[in-house]
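One letter stands for each residue in the lines below.
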Amino acid sequence: MTENSKFTADNKAAWNASATYHQATLNIDDIVAKLRDHDHGVFDETFGATLDAIGVRGKKAVQVGCNNGREALSLAKMGATSVLGIDQSDAFLAQAEMLKNAASLECQFLCSDIYNLPSDIDADFDVGVITIGVLNWMPDLKLFFQAVAGLLTTGATLAIYETHPVLEMFDPDAADPFTPKHSYFAKTPYASEEPITYDGSSPGKAPVSWWFSHTMGDIVTAAIQAGLRLERLTEYPHSNREVDFDIYEDRDAQVPMCFEMVLTKP
Ligand SMILES: C[S@@+](CC[C@H](N)C(=O)[O-])C[C@H]1O[C@@H](n2cnc3c(N)ncnc32)[C@H](O)[C@@H]1O
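For clarity, every value in this text was computed on a predicted model and none was experimentally measured. (Residues numbered from 1 in each chain as written. Predicted model: local features only at pLDDT ≥ 70, side-chain atom pairs only at ≥ 80, totals over all residues.)

A. Seen up close, the overall build of the protein chain. Scanning the protein chain for helices and strands turns up seven helices and nine strands. Scaling as 2.2 N^0.38, a compact globule of 266 residues should have a C-alpha radius of gyration of about 18 Å, and the protein chain matches this with 18 Å. Each of the three principal axes of the protein chain carries a C-alpha extent, and together these read 50 × 45 × 40 Å. When burial is assessed residue by residue, the protein chain has 35% of its 266 residues classed as buried. A separation of at least 24 residues holds for 70% of the contacts in the protein chain among residues at least 6 apart in sequence. (Helix = DSSP H or I, 4+ residues; strand = E, 2+ residues; numbered from the N terminus. Rg over C-alpha atoms; globule rule 2.2 N^0.38 Å. Buried ≥ 20, exposed ≤ 12 C-beta atoms within 10 Å, placed from the backbone. Contact = placed C-beta atoms within 7 Å.)

In structure tokens, the structure reads:
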């Protein structure tokens, strides 16, 4: 086993273990209502507008790191002809199947490590989507973007809506949450034995998970080196993270909180 596959195997166990906590707070009715009533399903205004500009209707879409499938199902709601959600956590994909049935939308889910996709997987997706909280689980960005680019057809668009790497320097739970806690250039993976929850709770010990810091330069360079062409990189002052990060919004000395990258496969 390589070091990278050890990291991803650990992360799979950690995400599977965390699925129980998420199941307890999963509000199926709320997600189903958004999928039914909102034009962009669960996507916010910013990313919804980006997906509108790209055009999802009538396209074949893939989401990498789809978790409980709420966003893959939103792509189906937006009119994609077929959607594939890929995630290595079977426990979260079980929740995705539940949501899919509750929402009565069409979507396929594939349980796979992105670094080890099945050799017969389709490679003709028109739109690829990656959102909040995926890139930092990836030990090797270069191989990650190669795998993602390999799923796309010529002329396809990849849309990324992620946490800004500068925000990763701050810890909202620190005694002084406004003093950077982590180096922007940290290279050592961060190991945690806390369950992966989104509500700030720490209910006991969990299997170890590994979190990787990547600079904006690392991200852009890895995507370009995978053969993708950068069309747009936009940094935003608003949060697309857990509520504890709201303290970094609306400040005079504003840090970037999230970013969008739109890339095409020439
Ligand atoms: C924070 S969640 C994504 C949440 C999603 N953006 C949303 O808002 O619904 C990150 C997901 O990445 C998945 N993941 C982590 N490493 C992976 C890998 N190597 N291959 C496939 N999926 C992976 C995890 O299982 C997890 O479900």
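B. Representation of the nonpolar core within the structure. Ranked by internal contacts, the top residues of the largest apolar core, which has 61 residues, are Ala61, Leu73, Leu75, Ala76, Val83, Leu158 and Ala223. Element by element, the count of residues in this core is highest for strand S5 (residues 152–163), at six residues. (Core = buried A, V, L, I, M, F, W, Y, C linked by C-beta atoms within 7 Å.)

C. Quick peek at the site of the ligand. The full set close to the ligand counts 19 residues, and Gly65, Asn67, Gln88, Ser89 and Gly133 are the nearest of them. Among the secondary structure elements, those contributing two or more residues to the shell around the ligand are helix H1 (3–25) and helix H4 (70–77). For the shell around the ligand, the leading source of residues is H1, giving three residues. Classifying every residue of the shell around the ligand gives seven nonpolar, eight polar and four charged. (Near = placed C-beta within 6 Å. Nonpolar A, V, L, I, M, F, W, Y, C, P; charged D, E, K, R; others polar.)

D. Highlighting the pairing of strand S4 (residues 125–131). Most of S4 sits inside the fold, with seven of its seven residues counted as buried. Note: strand S1 (residues 60–64) against S4, three bridges, orientation parallel. From the neighbouring strand, alanine 61 faces S4, where its bridge partner is valine 127. Bridging between S4 and S5 involves six bridges; their strand directions are parallel. (Pairing = 2+ DSSP bridges.)

E. Structural context of the environment of lysine 34. Among the secondary structure elements, lysine 34 is positioned in helix H2 (residues 28–37). When the C-alpha positions of lysine 34 and lysine 77 are compared, they lie 9.9 Å apart, and in sequence the two are 43 residues distant. What lysine 34 contacts, discounting residues up to four positions off in sequence, is Gly41 and Val42.

F. Summary view of the packing of H1 against helix H5 (residues 90–103). At a minimum axis distance of 7 Å, the contact between H1 and H5 shows a crossing angle of 35°. Here H1 contributes Trp15, Asn16, Ala19 and Gln23 to the contact with H5, which in turn contributes Asp90, Ala91, Phe92 and Gln95. Looking at the contact of H1 with H5 residue by residue, the class counts come to four nonpolar, three polar and one charged. (Axes fitted to C-alpha atoms, helices over the stretch in contact; angles between N-to-C directions.)

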